[in-house]
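Chains, contacts and geometry: an overview
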Amino acid sequence: KAVVSTQSTGEARRRRRQEYFQSTPADKIKVTQRNLEAYVQFYEKKLNSIVADMDTNIAMEKRKKEKLEGKLKKLLDANDLLSKELAGIRKDLKKCQILTETPV
């Protein structure tokens, strides 16, 4: 029951504050230093959380990029080896062709 009453007290406080800000002209609103500090802390926490999420996402994307670059390098190396192998096979085929075309 203590939790429920605390929640309803908090909700009531929020409702009163919301009504105050909605019903009071902007130039008549009194904002306390404590409220301002609370808002600043709240938004600092929010921003820090967003920055931390962005840092995490950037680090994950960086790792993905590095993995893909590694795979690409392996593929390029394999392609290079296959190209060299193919060039050797072509050379051997030409030799075979020359041998078969030469009259005995």
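A short tour of the structure in this document, coming up. (Residues numbered from 1 in each chain as written. Predicted model: local features only at pLDDT ≥ 70, side-chain atom pairs only at ≥ 80, totals over all residues. Heavy atoms only, no water.)

Side note on the overall build of the protein
Put simply, the rule is: Per the convention used, a helix needs a DSSP run of H or I reaching at least four residues, while a strand needs a run of E reaching at least two, with both numbered from the N terminus. In this description the radius of gyration comes from C-alpha coordinates, and the expected globular size is given by 2.2 Å times residues to the power 0.38. Remark: exposure states derive from per-residue accessible area (1.4 Å probe, protein chains only) relative to the maximum for the residue type, with buried under 20%, exposed over 50%, and partly exposed in between. Here, Shrake-Rupley sampling with a 1.4 Å probe gives the accessible areas, and only protein chains in the shown set may cover a residue.
What the protein contains, in helices and strands, is 2 helices and 0 strands. Here the C-alpha atoms of the protein give a radius of gyration of 36 Å, more than 25% beyond the 13 Å that 2.2 N^0.38 yields for 104 residues. On the principal axes, the C-alpha backbone points of the protein span a range of 110 × 40 × 20 Å. With 104 residues in all, the protein has 2% of them scored as buried. Total accessible area computed for the protein in this model is approximately 10300 Å², and 60% of it derives from carbon and sulfur atoms.

Looking at a positive patch on the surface
Basically, it comes down to this: Each patch is built from residues lacking any salt bridge and having more than 30% relative accessible area; the joining distance is 9 Å for like charges and 5 Å for nonpolar side chains (Val, Leu, Ile, Met, Phe, Trp, Tyr). Basic side-chain nitrogens of Lys or Arg form a salt bridge, by our definition, when they fall within 4 Å of a carboxyl oxygen of Asp or Glu. This count recognises Lys and Arg as positive and Asp and Glu as negative, with His and chain-terminal groups excluded. For charged residues, the charge sits on one atom: NZ in Lys, CZ in Arg, CG in Asp, CD in Glu.
A cluster of basic residues, R13, R14, R15, R16, R17 and R34, forms a positive patch at the surface. Top element by residues in the positive patch is helix 1 (residues 2–23). It accounts for 5 residues. What makes R14 exposed here is its relative accessible area of 53%.

Some details on the pattern of salt bridges
All told, the structure shown has 4 salt bridges when counted by the stated rule. Between E69 and K65 there is a salt bridge whose closest N-O contact spans 3.8 Å. Residue E69 and its partner K65 are located together in helix 2 (residues 33–101), separated by 4 residues, close to a single helical turn. D77 serves as the salt-bridge partner of K73, at 3.1 Å between the closest nitrogen and oxygen.

Quick look at a nonpolar patch on the surface
On the surface, Y20, F21, V31, L36, Y39, F42 and Y43 cluster together into a nonpolar patch covering about 630 Å² of accessible area. For the nonpolar patch, the secondary-structure elements that each account for two or more residues are helix 1 and helix 2. Considering each element in turn, the nonpolar patch owes the most residues, 4 residues, to helix 2. Summarising the element assignment, V31 is placed in the loop between helix 1 and helix 2.

Regarding the packing of aromatic side chains
So the rule is basically this: A pair of aromatic rings is counted whenever rings of Phe, Tyr or Trp (Trp by its six-membered ring) have centres within 6.5 Å, and the orientation is called stacked for planes under 30 degrees apart, edge-to-face for over 60 and tilted otherwise.
Inspection of the entire model under this criterion finds 1 aromatic pair. For the pair F42 and Y43, a centre-to-centre distance of 4.9 Å together with 80° between the ring planes defines the contact as edge-to-face. Judged by its relative accessible area of 48%, Y43 falls in the partly exposed class.

Some remarks on the environment of L68
Along the chain, L68 falls in helix 2. For L68, a relative accessible area of 56% puts it in the exposed group. Taking the C-alpha atoms as reference points, L68 and T24, 44 residues apart in sequence, are found 58 Å from one another.

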